[in-house]
Amino acid sequence: LHDTWALFGLHGAFLPQDTKHIEHIQEWAPYLYKNGIRPAIISTNDVYTLQSWKEQLQMDSRIEVVSDADGELAACLGLLNNTPLGMRNDRYAVLVHNGTIYHLRYEDPNDEIMETLPGPLVQTYKKHVVNMMNQTAEFLQVLTDYNAFIKASEKENWYQSKETQKQ
């Protein structure tokens, strides 16, 4: 994955709790797009069911729906479960930037869905951006100091070579 993605893993299409989750994702979608974050909804449903769900909910066309029909992604994250409806992933939210996972939250079955909503994910992204800006500023300061050191050394070497030539 290149760019920045907000991946929201949901139990399944047309389930009431997941439909509520979609409402929150749609509310946050303009903010996500504005900040260069591409949202995607992932479920173990087949692609046709997910597309039908997207159409029924009149989801923003920029929100991707992705089928993890074999549960491979959910299994890699340790979030695949056998349920009466078949293999389903837990609800999760993942922030991925240029192929690196910066944030992974999953829903504890005994908790509310708050950790897997867009709000906490956006807060994590903001912290990540601030951290990257701070690291960039620190790097630029080190680079500036190094360049100043090199210039001073070159100047000193130039003076020393001039003195050697005079002798």
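The structure presented is a predicted model; accordingly, all values stated were derived computationally and were not measured. (Residues numbered from 1 in each chain as written. Predicted model: local features only at pLDDT ≥ 70, side-chain atom pairs only at ≥ 80, totals over all residues. Heavy atoms only, no water.)

A. Region of interest: the pattern of salt bridges. Taken as a whole, this structure holds four salt bridges when the rule is applied. A salt bridge links aspartate 3 to arginine 38; the nearest nitrogen and oxygen atoms lie 3.2 Å apart. One end of the pair, aspartate 3, is in the segment before β1 (4-9); the other, arginine 38, is in strand β2 (residues 37-43), with 35 residues separating them in the sequence. Assessed through its relative accessible area of 40%, aspartate 3 is described here as partly exposed. A salt bridge links arginine 91 to aspartate 18; the nearest nitrogen and oxygen atoms lie 2.5 Å apart. In this pair, arginine 91 is assigned in the loop between β5 (86-89) and β6 (92-97) and aspartate 18 in helix α1 (residues 16-34), connecting sequence segments 73 residues apart. Exposure class is identical for arginine 91 and aspartate 18. Each is buried. (Salt bridge = Lys/Arg side-chain N within 4 Å of Asp/Glu carboxyl O. Helix = DSSP H or I, 4+ residues; strand = E, 2+ residues; numbered from the N terminus. Buried < 20%, exposed > 50% of the residue type's maximum accessible area, 1.4 Å probe, protein only.)

B. Main features of unusual backbone geometry. Although it is not a glycine, phenylalanine 14 sits at a positive phi angle of roughly 70 degrees. Relative to the helices and strands, phenylalanine 14 is located in the loop between β1 and α1. Look at phenylalanine 14 and you get partly exposed, because its relative accessible area is 39%. Backbone geometry places asparagine 98, a non-glycine residue, at a positive phi of 50 degrees. Mapped onto the elements, asparagine 98 comes out in the loop between β6 and β7 (100-106). A relative accessible area of 43% places asparagine 98 in the partly exposed class.

C. Molecular detail of α1. With 19 residues, α1 ought to run about 27 Å at 1.5 Å a step, and its terminal C-alpha atoms sit 28 Å apart, in line with that. Along α1, the sharpest change in direction is near 45 degrees and occurs at tryptophan 28; proline proline 30 comes one to four residues later. Where α1 ends, the next residue or the one after it, glycine 36, has phi of about 75 degrees, a positive value. (Expected span 1.5 Å × (residues − 1). Bend = angle between axes of the 7 residues up to and from the residue.)

D. Focus on the side chain of asparagine 45. Counting through the fold element by element, asparagine 45 comes out in the loop between β2 and α2 (47-56). Within the local environment of asparagine 45, its side chain forms a polar contact with the side chain of serine 43, the two groups lying 2.8 Å apart. Ignoring anything within four residues of it in the chain, the contact list for asparagine 45 reads His11, Gly12, Ala13, Leu50, Ser67, Asp68, Ala69 and Arg88. (Polar contact = N/O pair within 3.5 Å; in protein donor to acceptor, adjacent residues only side chain to side chain. Contact = heavy atoms within 4.5 Å.)

E. Summary view of α2. Looking only at α2, the buried set comprises Leu50, Trp53 and Lys54. Relative to the axis of α2, the buried residues are bounded by an arc of 100 degrees and lie together on one face. Turned more than 90 degrees from where α2 packs its buried face, Tyr48, Glu55 and Gln56 sit exposed. A side-chain oxygen of the first residue of α2 lies 2.9 Å from the backbone nitrogen of tyrosine 48; this N-cap is aspartate 46. (Arc of directions from axis to C-beta.)

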